[in-house]
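Each chain is listed here by its residues.
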Amino acid sequence: MAGLPSNNRDSFGSKFGVIAAAAGSAVGLGNIWKFPYIAGVYGGAAFLFVYLGFILAIGIPIMLSELIIGRSSRSNAFGAFKVLAPGTPWRFIGILGVSAAFLILSFYGVVAGWSLQYIMLSIQDGFSSKTPEEIASLFSSLTESTVRPVVLQLVFMLLTGAIVIVGIKKGIEKYTKILMPLLVIILIFLCVKSLTLDGAKAGLEFLFKPDFSKLSGDGILSALGHAFFTLSLGMGTLITYGSYVQRDNNLLSTAFSVTIADTVIAILAGIAIFPAVFAFNIAPTEGPGLIFITLPNVFHQMPGGFVFSILFFILLTVAALTSSISILEVVVAYFKEEFQMNRKVATVLATVLVSMLGVLCSLSMGVLSPITFFGLNIFDLMDWISANLLLPIGGMFIAIFIGWIFGRKKVQKEVSYGGHLSGVLLSVFMFLVKFIAPIAIAIVLLNKVGLLSF
Ligand code: PHE
Ligand code: NA
């Protein structure tokens, strides 16, 4: 194609392929496992609304920014800044992103390992005839044990590495076309069942009736961090994927479609979980185990729940895989292009390093739980540093880069290749990336370190 460097990089075959890959990256454990768990911890509806505000005002503009940086530079998250702003420190955003990828994948693989375990438990019909208390202790005895969750995490990382070696395009498109709608359908069934449980109303109120007095500075920071985490933003995932996007793709509509899919799936997960949480007397503040101790109770009250639960955990694992490969790809593209490694070596190295950190995350739920930093175990620490610190900081610089360095003219040129951005919309976008996103992120972070308080 004219104007493109002919360095024979991969590119996505079809327009749908791009949306599929970006949606595959976005939709994952963040929506179904993490969103309900942190919404529960930070008070429900108030958290939800702040999170939605961040998605709109910061998430969508930064997603578009990353796609623009990726497509116009055709490079990985680190190299992109070397192409667009040679000889400047901007490339350190790439380093920040690669570090975030490491930390995120280390605990992500652990949770995906739990999901693998729940596929097996479902197949053995392991939840039926169990009381809510027994289901809860099933989860803690699994996650606190030493060998099994480590092995399952390694199995999941092996799968991730294997897919990244083969190349990320194959399979993703099929997943998003067939399996993602199937996941949505199962979630809808779960919502219906959950809503008809006794006591469901309390759950709905928890999720949708905000009590902003319950919202703490920590809650706001987590909502911000989660907006980045769930949309795969702030660490160059979408720079990397954007670099594979053809010029005829409409970046703005890609950003919108992906954001809508991701948000709808998170809200469905919330509707499936919270009514059941209240119906079965589970604490909304339960933590990382929330879905694993809530949903099995719902499954075993559903006609056909046996089949549903097998399918659900399979789909959850697949959703986790299409996200984990996008995280690993950031590291692999960086190793490959900056250290001239071939894809195989880069992938094996990245997978081994991440898995080692992942083993520590897994053990920190059990034998290593006495080791804490600022009151957080290793698992929570990796999550906290990446989602609440590295991603928002990365996102802030990405917004500043597009707003102040890349500039309106080049933005307009890049987005109009495959689409059209009206002058008004362009102005809104530029205003958001120049001012709103950086300032809002800075305020939330400064509030956390105590330099500013509200
Ligand atoms: N967005 C993914 C999810 O919600 C997680 C992710 C974070 C993927 C960062 C890529 C980069 O599960
Ligand atoms: Na997500």
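It should be emphasised that the depicted structure is a prediction, and the values quoted were computed from it without experimental measurement.

## Focus: the overall build of the chain
Right, so step 1: Along the backbone of the chain there are 17 helices and zero strands.
Right, so step 2: Taking 22 Å as the expected radius of gyration for a compact globule of 454 residues, we find that the chain reaches 21 Å, a close match to that expectation.
Right, so step 3: With the C-alpha coordinates of the chain rotated into their principal frame, the extents come out at 65 × 50 × 40 Å.
Right, so step 4: Sorting the 454 residues of the chain into buried and exposed places 59% on the buried side.
Right, so step 5: Contacts spanning at least 24 positions in sequence make up 83% of the contacts within the chain whose residues lie at least 6 apart.
Right, so step 6: Total accessible area on the chain stands at roughly 17000 Å², and carbon and sulfur atoms take up 69% of it.

## Focus: the pattern of salt bridges
Right, so step 1: On inspection of all chains with the given rule, the structure shows six salt bridges.
Right, so step 2: In this structure, glutamate 338 and lysine 82 form a salt bridge, with 2.8 Å as the shortest nitrogen-oxygen distance. Placement of glutamate 338 in helix H14 (residues 305-338) and of lysine 82 in helix H4 (residues 79-84) is noted, with a sequence separation of 256 residues between them.
Right, so step 3: Accessibility expressed as a relative area gives 18% for glutamate 338, which makes it buried.
Right, so step 4: The class of lysine 82 is partly exposed, set by a relative accessible area of 39%.
Right, so step 5: Here glutamate 205 and lysine 201 are joined by a salt bridge, their closest N and O atoms 3.6 Å apart. Pair noted here: glutamate 205 and lysine 201 are both in helix H9 (residues 200-208), with a separation of four residues, about one helical turn.
Right, so step 6: On the basis of relative accessibility, which here comes to 35%, the residue glutamate 205 falls in the partly exposed class.
Right, so step 7: What makes lysine 201 exposed here is its relative accessible area of 62%.

## Let's talk about the site of ligand 1
Right, so step 1: If you check the shell around ligand 1, you find 16 residues, and the closest are Ala26, Gly30, Tyr108, Phe229 and Ser232.
Right, so step 2: At 3.3 Å from a nitrogen atom of ligand 1 is found a main-chain nitrogen or oxygen belonging to serine 25.
Right, so step 3: Relative to its free-state accessible area of 330 Å², ligand 1 is covered by the protein chains to the extent of 100%.
Right, so step 4: Grouping the amino acids of the shell around ligand 1 by side-chain chemistry returns seven nonpolar, nine polar and no charged.

## Brief notes about the coordination of the sodium ion (ligand 2)
Right, so step 1: For the sodium ion (ligand 2), the full set of protein donor atoms is Ala26 (O), Asn31 (OD1), Thr230 (O), Thr230 (OG1) and Asp262 (OD), at a range of 2.2 to 2.4 Å.
Right, so step 2: Geometry at the sodium ion (ligand 2) is octahedral, judged from its six donor atoms and the angles of 79 to 168° they form at the metal.
Right, so step 3: Positions of the donor residues of the sodium ion (ligand 2) along the chain correspond to the pattern A-x4-N-x198-T-x31-D. Separated by 32 residues along the polypeptide, threonine 230 in helix H10 (residues 217-230) and aspartate 262 in helix H12 (residues 251-279) bring together distant segments of the chain.
Right, so step 4: Looking at threonine 230, the relative accessible area reads 1%, which means it is buried.
Right, so step 5: With a relative accessible area of 0%, aspartate 262 lands in the buried category.

## Some thoughts on the packing of helix H2 (residues 29-41) against H12
Each pair of packed helices can be summarised by the angle the axes make with each other and by the distance between the axes.
Right, so step 1: In the contact formed by H2 and H12, the axes pass within 9 Å of each other and the chain directions differ by 60°. The angle between the axes of H2 and H12 places the two elements in the oblique class. For the pair H2 and H12, the sense of crossing is right-handed. On the side of H2, the interface is formed by Asn31, Ile32, Phe35, Pro36, Ala39 and Gly40, while H12 contributes Asp262, Ile265, Ala266, Ala269, Gly270, Ile273 and Phe274.
Right, so step 2: Its residues placed into classes, the contact of H2 with H12 shows nine nonpolar, three polar and one charged.

## A word on the nonpolar core
Right, so step 1: With 157 residues, the main nonpolar core has Trp33, Trp114 and Phe312 as its most contacted residues.
Right, so step 2: Of all the elements, helix H5 (residues 92-123) adds the most residues to this core, at 18 residues.
Right, so step 3: Those residues in contact with tryptophan 33 that sit more than four places away from it in its chain are Phe107, Val111, Trp114, Pro288, Ile291, Phe292, Phe379 and Asp383.

Reading the values: rules and limits
- Residues numbered from 1 in each chain as written.
- Chains lettered and ligands numbered in written order.
- Predicted model: local features only at pLDDT ≥ 70, side-chain atom pairs only at ≥ 80, totals over all residues.
- Heavy atoms only, no water.
- Helix = DSSP H or I, 4+ residues; strand = E, 2+ residues; numbered from the N terminus.
- Rg over C-alpha atoms; globule rule 2.2 N^0.38 Å.
- Buried < 20%, exposed > 50% of the residue type's maximum accessible area, 1.4 Å probe, protein only.
- Contact = heavy atoms within 4.5 Å.
- Areas by Shrake-Rupley, 256 points an atom, 1.4 Å probe, with all protein chains shown as cover.
- Salt bridge = Lys/Arg side-chain N within 4 Å of Asp/Glu carboxyl O.
- Near = heavy atom within 4 Å.
- Polar contact = N/O pair within 3.5 Å; in protein donor to acceptor, adjacent residues only side chain to side chain.
- Nonpolar A, V, L, I, M, F, W, Y, C, P; charged D, E, K, R; others polar.
- Donors = N, O, S within 2.8 Å, 3.2 Å for Na, K, Ca; no water.
- Tetrahedral: all angles 85-135°; square planar, octahedral: opposite > 155°, others 65-115°.
- Axes fitted to C-alpha atoms, helices over the stretch in contact; angles between N-to-C directions.
- Parallel < 35°, antiparallel > 145°, perpendicular 65-115°, else oblique.
- Left-handed = near helix turned anticlockwise from the far one by under 90°.
- Core = buried A, V, L, I, M, F, W, Y, C linked by side-chain atoms within 4.5 Å.

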